[in-house]
Amino acid sequence: MSLLERAPGGSLADDRRVQALGVVAVLALAVVPFVTTDSLTGLILTGLVYVMLGVSWNLIAGYAGQISLGHAAFFGMGAFASAWVTTPSGAGLPEALQIPVVAAVLVGGVVSALIALVIGPVIFRLTGHYFAIGTLALAAVIELVMNDRRDLTGGATGYYVNADIGLGETISHGDMMFFLTLLATVITVWVTYYIVRGPAGLGMKAIHDDEEAASSLGVNPLKYKMYAFVASSFFAGIAGALYAHFSLYINAQSTLAVTWTVDSLVVVILGGMGTFAGPFFGAGLFLLLDNGLSAIVGGWAEAVEGILIILFIIFLPSGLYGLVDDYLVSETADTGGEMDADVADD
Amino acid sequence: MARDDTIRRRTYLKGAGAAGSVAITGLAGCTLGGDGGNGGDDGGDSGGDSGSDGTDSGTETTDSGDDTTPLTIAATVPETGAFSSLGQDLRRGYELGVERMNQNLDREVELIIRDDESDAQTLREQLQAIVSNNDVNMIWGSFSSLLVTAGSAFAENQNLPFIGIAFAYEEPHRNDNYEWTFAPFPKSRDVARSTLGTIELLPEEDRPTNIGIWEPNSGWGEEQANYWEDVLTEAGYDVVMREVFEIGSSDFSTLISQAQNADVEALLSNPTPGGGITAVNQMSDSGWAPDMLKFVRGADPSAWWSALGQAGAYALMCPGWVPGLTGNGNAQLRETFFDAYDTDAQYMPVNVGGSYNLTQVAEQAVSAAGSVEPEAVRDALRNTEFETVIGTFSFEDNGLPSEGELTAPTGQWWDGAQRLVFPDTDSERALDFRYPIPPWSER
Amino acid sequence: MVASDLVTQSIANGLLLGGIYALAALGLSLVFGIMDIVNLAHGHILMVGAYIAIVIFGALGITPLVGMVIAIGVLFVFGVVLQKVLLEHVVGEGLEQPIIVLFGLALILQNVAREVFGGDAQTAGIGIPGSGIDLGFAFLSFPRTVTFVVSVLLIVGTWAFLQYTSTGQAIRATAQNRTAAKYMGINTDRIYVITLGIGVSLAGAAGALLSMIFPIDPYIGWSYLLTTFAVVVLGGVGSVLGTLVGGLIIGVSENLGALFLGGGYRNVVSLLIFLGVLLVRPQGLFGSGGDS
């Protein structure tokens, strides 16, 4: 009846066929630079960046239940931090700082994680609406300050990144960045999977469901919030660093802009909040909408996205993944219990 | 208010053959959207399938057996966003130029233009898309240092010759190892000298002495402010105010109070067009005006007059070309412009001249190179002396116009038109520098 | 060294601006206080109000002060429809849903504005003659003075409505305790509809007033959302008087920030005050504690 079956309590990703599907998808993506134009490669790279943003935002918002509207800040700071160490001259830093792109991408992730580590204990004094709007304001402050720091970001002129990791004529810089992004995406997904499957994931879910109850059962909410926040920011930083070294140009006003938060959110909502596979579906659909919609509805693409977000959240809160899950996956046995652990519950 | 750019960045046209792009080919008849029509932005509908229909053009007279590889040019213009008011002027200069190039060159010239939404990131994506899908051998810039540097960074990366105007910023030429970028345009140093020259048109006892500089938060903002401060201080003027502001900021009240407080007589800045218009409106609200106002880039577009009307009179600009310049094809430009576009205006918009000058450089370089090979064209750009509507000049290896060869013309808004006030020419389209700006109550 | 009349001028500018900020924030504060919804589209609705005024001014030359009245009417209806069609589905459905629905609405409004009016900034101008007032230590620009006075009048009017009309009292009762209000025979669904209508139309009024002073483009929504939220947090959720004071504080701090720290920090100062208050006293400077 169904394409896929799942053991009660088990996860779809434990299924061999799902694993095989994942491997095939990665292999298929790996040949993209060889069979398409630069422009299309760039497009798919952007899609991978969306997956990373979605997966990481899903960790803090979907699993830990903390609606952060400041994700763009971590994306952007990852981008700038990595740019400073591949192109130190742009920020007037000594050339000696210069390190290879791969290392710089890690620096981007680490810097974002450190920022999260520092502000986490403060910003987590806020809950609910206040947390959402507080993170939005924090991201705005970071954007404004960075934009004003012309010495570090180039101000309105922006920051040009010098990087060339291409291999001669055959593999261009863009193609190498694509492979790097693909690798980073796989690692992000893999690590996140182990986080949410492990004890930390259970802790996050507990505070998401009922913080007070979890607290009274001895779960320390701050610990799990911080765990989710730092990990989420790390991956957002990596995504930003990769994007910076692909596009070779960043600008405080666009790289740190709310847009990236919006994109992360849309990817997750469309895919299915708090579900592991959601961001993949979401990123795919988003990319399709973002590029396909404009061909059909022209400049109205954003409005159509807005309408879709509203329709999804009202009528399909479990997202595309929920739809797939309902129609394509059946469980081998109908015992109740925790099996739907990975579907959003509110 | 937090002026974050937010969703502005979002683009939807990353893919191939997207709507909104337009290709101009050698067909004289269809190039300008039909003769006599309003010639406005009606070009936007003929996207995608360019190139092929240019081959049956009857206008090519020669078929010398030499290299006739088509010249394919990728370009973006800002048709939406902060610089949208300039998009049409740039496009028209390019169109007139491409038509002329098709007549003069022994090869087909094709120009593929897209909207960059006044955003550097979008600009890059658009150029990437054009270059991926066409055999591009030259790139033309957009408007303002903010956007042109983005195009130039892309071209440097692709090893393609890049020509850009409305680009006064010098620092990237010197520090970013430019090899492919050429700016046939007066630079920051020339703008500062032109400002001094304009002031010195006045009898000595009438000249303003207190200079105020509003410096936008960009690399060029700083460079231009430095040149202004150095050149004017050296000439004996007092820079009594220099304050940084955020590009895109909409509240100038603090800057206005500060300028008033410092008794600023000549106010110099390089804001965006929208920012400049807002600033003048708020000066009017606060009942303060300087004696002399120069907004480089800010006062460039026709939108200045349509938004401000008489309140925009007296403003000076330094757009590279102003009606009143003569020689080097200026007469032909004027003639073809008024033939091609149905307009009530007596004077051409300034950026048409600037972008037309760009096309002259492109034509003369390709002609000198006898090829469209990127290296050959680059070398020709480095070694040729160019004669264009903005003057006669050559380039340094880093793409700066050789120092001292270009005089930056300063124009002034008067009765709805921008007209040349400096340098002095005998053209009837030039204007005597109107000074000082009367108080608001007397206007 | 900053001259003292520059300081007084900046404070005057800040107070005049703060009045509009307070009006802009009042609707957000009421909706948050009464319905427990953060209207993420509040800034975008403000933008819609501004465009209504700009269109009327552009087409007929009628002053945005009249445009404001029309904007209030149009947006009240918009708010009622919004509540009935969309928000009723998600109120009480947890935190994420209303936030995300309103987020979607913000995207739609911004896109529609861009397609209809283009991306360029537009202003309306005040459209009535008058000149500024010179107080000696400060010059009060005419449009800013007029918009300030109108803003304060609207705020006082809203306060009086809540205080002295039976509907206003029902709204306040619902804000305090929805269940109790229901038992007392108050139709709380209707109260929600009216509240959102008022909240949204106040944003529209502020937008119409702002169109006389600042350029309006389709992207201003997010920044006004942050500014108004800062005002709400400062003033205390649901407090009319607190909102007025909060608005004035934000207006003055923006102007002094620009004066002392430079133009780039105009907004940073107010956002930092906002974050500080949020962390130290989430109920606001004038709020009386309560829930989140």
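Computed from a predicted structure; not experimentally measured.

Q: Can you break down the nonpolar core residue by residue, with the values?
A: Met204(A), Leu40(C) and Phe274(C) are the most contacted members of the largest nonpolar core, which totals 202 residues. Contacts of Met204(A), omitting those with residues within four sequence positions, involve Leu59(A), Tyr63(A), Ala64(A), Ile195(A), Tyr224(A), Tyr227(A) and Ala228(A).

Q: Tell me what's going on with the interface of chain B and chain A, and back it up with residues and numbers.
A: Residue-level contacts link 38 residues of chain B with 35 residues of chain A. In total, chain B and chain A occlude about 3,000 Å² of area from one another, counting both sides; carbon and sulfur atoms represent 48% of this. Residues Glu215(B) and Arg150(A) are paired through a salt bridge, measuring 2.6 Å at the closest nitrogen-oxygen approach. The tally of links from chain B across to chain A stands at 11 residue pairs in polar contact (both at pLDDT 80 or more). Class assignment for the residues of the side of chain B that touches chain A results in 14 nonpolar, 13 polar and 11 charged.

Q: Give a detailed account of a nonpolar patch on the surface, specifying residues and quantitative values.
A: Residue and element names in this part refer to chain C. Judged by side-chain polarity, Leu 60, Ile 62, Val 66, Ile 70 and Val 74 come together as a nonpolar surface patch covering roughly 400 Å² of accessible area. Element by element, the count of residues in the nonpolar patch is highest for helix α3 (residues 64-90), at 3 residues. Within the secondary structure layout, Ile 70 lies in helix α3.

Q: Explain the UniProt feature "transmembrane region" (unreviewed entry) in chain C to me, using residue names and the numbers behind them.
A: All names here are of chain C. Per the UniProt entry, the sites bearing "transmembrane region" (unreviewed entry) are residues 20-38, 45-62, 68-87, 137-162, 191-216, 222-251 and 258-280 in this numbering. Along residues 45-62 one finds 89% helix and 0% strand; the C-alpha atoms at either end are 21 Å apart. End C-alpha to end C-alpha, residues 68-87 measures 25 Å, and it is 100% helix and 0% strand.

Q: Give me the pattern of salt bridges: which residues, what numbers.
A: The final tally for this structure, using the stated rule, is 23 salt bridges over all chains. Salt bridges sharing partners connect three or more residues here, namely Arg150(A), Glu215(B), Glu229(B) and Arg242(B).

Q: Could you give an account of the packing of helix α13 (residues 258-271) of chain A against helix α15 (residues 301-315) of chain A, with specific residues and numbers?
A: Residue and element names in this part refer to chain A. Relative to each other, α13 and α15 sit at 45°, their axes nearing to 9 Å. With respect to their mutual orientation, α13 and α15 come out oblique. The element α13 and its partner α15 pack so that their crossing is left-handed. Only Leu 308, Ile 309, Phe 312 and Ile 313 of α15 make contact with α13, whose side of the interface consists of Val 266, Ile 269 and Leu 270. When its residues are assigned to classes, the contact of α13 with α15 shows 7 nonpolar, no polar and no charged.

Q: Break down the interface of chain A and chain C for me, citing the residues and quoting the values.
A: Listed per partner, the contact involves 40 residues of chain A and 40 residues of chain C. Each partner contributes to the roughly 3,900 Å² buried at the junction of chain A and chain C, and carbon and sulfur atoms together form 78% of this total. Among the residues of chain A in contact with chain C, His129(A), Tyr130(A) and Glu302(A) are the three that bury the most area, contributing 20% of the side total. Counting across the interface, chain A meets chain C through 1 salt bridge. Among the salt bridges present, the one from Arg114(C) reaches Glu302(A), with a minimum N-O distance of 3.1 Å. Here chain A is connected to chain C by 6 residue pairs in polar contact (both at pLDDT 80 or more). Contributing elements (two or more residues each) for the side of chain A that touches chain C: α5 (101-123), α6 (128-148), α13 and α15 of chain A. Top contributing element to the side of chain A that touches chain C by residue count: α6(A), with 14 residues. Residue classes in the side of chain A that touches chain C are distributed as 28 nonpolar, 7 polar and 5 charged.

Q: Account for the environment of Gly309(B), naming residues and giving values.
A: With respect to the helices, strands and loops of the structure, Gly309(B) is situated in the loop between α10 (303-308) and β11 (316-317). Residues Gly309(B) and Gly416(B), 107 residues apart in the sequence, show an inter-C-alpha distance of 7.2 Å.

Q: Tell me about the packing of aromatic side chains, and name the residues and values.
A: Taken as a whole and assessed by the stated rule, the structure comprises 39 aromatic pairs over all chains. Ring geometry for Tyr243(A) and Trp260(A): centres 5.0 Å apart, planes at 65°, overall edge-to-face. With Tyr243(A) in helix α11 (residues 221-247) and Trp260(A) in helix α13, this pair connects stretches of sequence that are 17 residues apart. Like Tyr243(A), the residue Trp260(A) is buried in the burial classification. Each ring, one from Phe229(C) and one from Phe274(C), has its centre 5.9 Å from the other, and the planes form 65°; the classification is edge-to-face. Of this pair, Phe229(C) sits in helix α9 (residues 221-235) while Phe274(C) sits in helix α11 (residues 266-280), placing them 45 residues apart in sequence. Of the two residues, Phe229(C) and Phe274(C), neither departs from the other in class, the shared state being buried.

Definitions and cut-offs
- Residues numbered from 1 in each chain as written.
- Chains lettered and ligands numbered in written order.
- Predicted model: local features only at pLDDT ≥ 70, side-chain atom pairs only at ≥ 80, totals over all residues.
- Heavy atoms only, no water.
- Core = buried A, V, L, I, M, F, W, Y, C linked by side-chain atoms within 4.5 Å.
- Buried < 20%, exposed > 50% of the residue type's maximum accessible area, 1.4 Å probe, protein only.
- Contact = heavy atoms within 4.5 Å.
- Buried area = accessible area lost by both parts, 1.4 Å probe.
- Salt bridge = Lys/Arg side-chain N within 4 Å of Asp/Glu carboxyl O.
- Polar contact = N/O pair within 3.5 Å; in protein donor to acceptor, adjacent residues only side chain to side chain.
- Nonpolar A, V, L, I, M, F, W, Y, C, P; charged D, E, K, R; others polar.
- Patch = residues over 30% accessible without salt bridge, like charges linked within 9 Å, V, L, I, M, F, W, Y side chains within 5 Å.
- Areas by Shrake-Rupley, 256 points an atom, 1.4 Å probe, with all protein chains shown as cover.
- Helix = DSSP H or I, 4+ residues; strand = E, 2+ residues; numbered from the N terminus.
- UniProt positions renumbered as here; feature names shortened; annotations may be inferred.
- Axes fitted to C-alpha atoms, helices over the stretch in contact; angles between N-to-C directions.
- Parallel < 35°, antiparallel > 145°, perpendicular 65-115°, else oblique.
- Left-handed = near helix turned anticlockwise from the far one by under 90°.
- Phe/Tyr/Trp six-rings, centres within 6.5 Å; stacked < 30°, edge-to-face > 60°.

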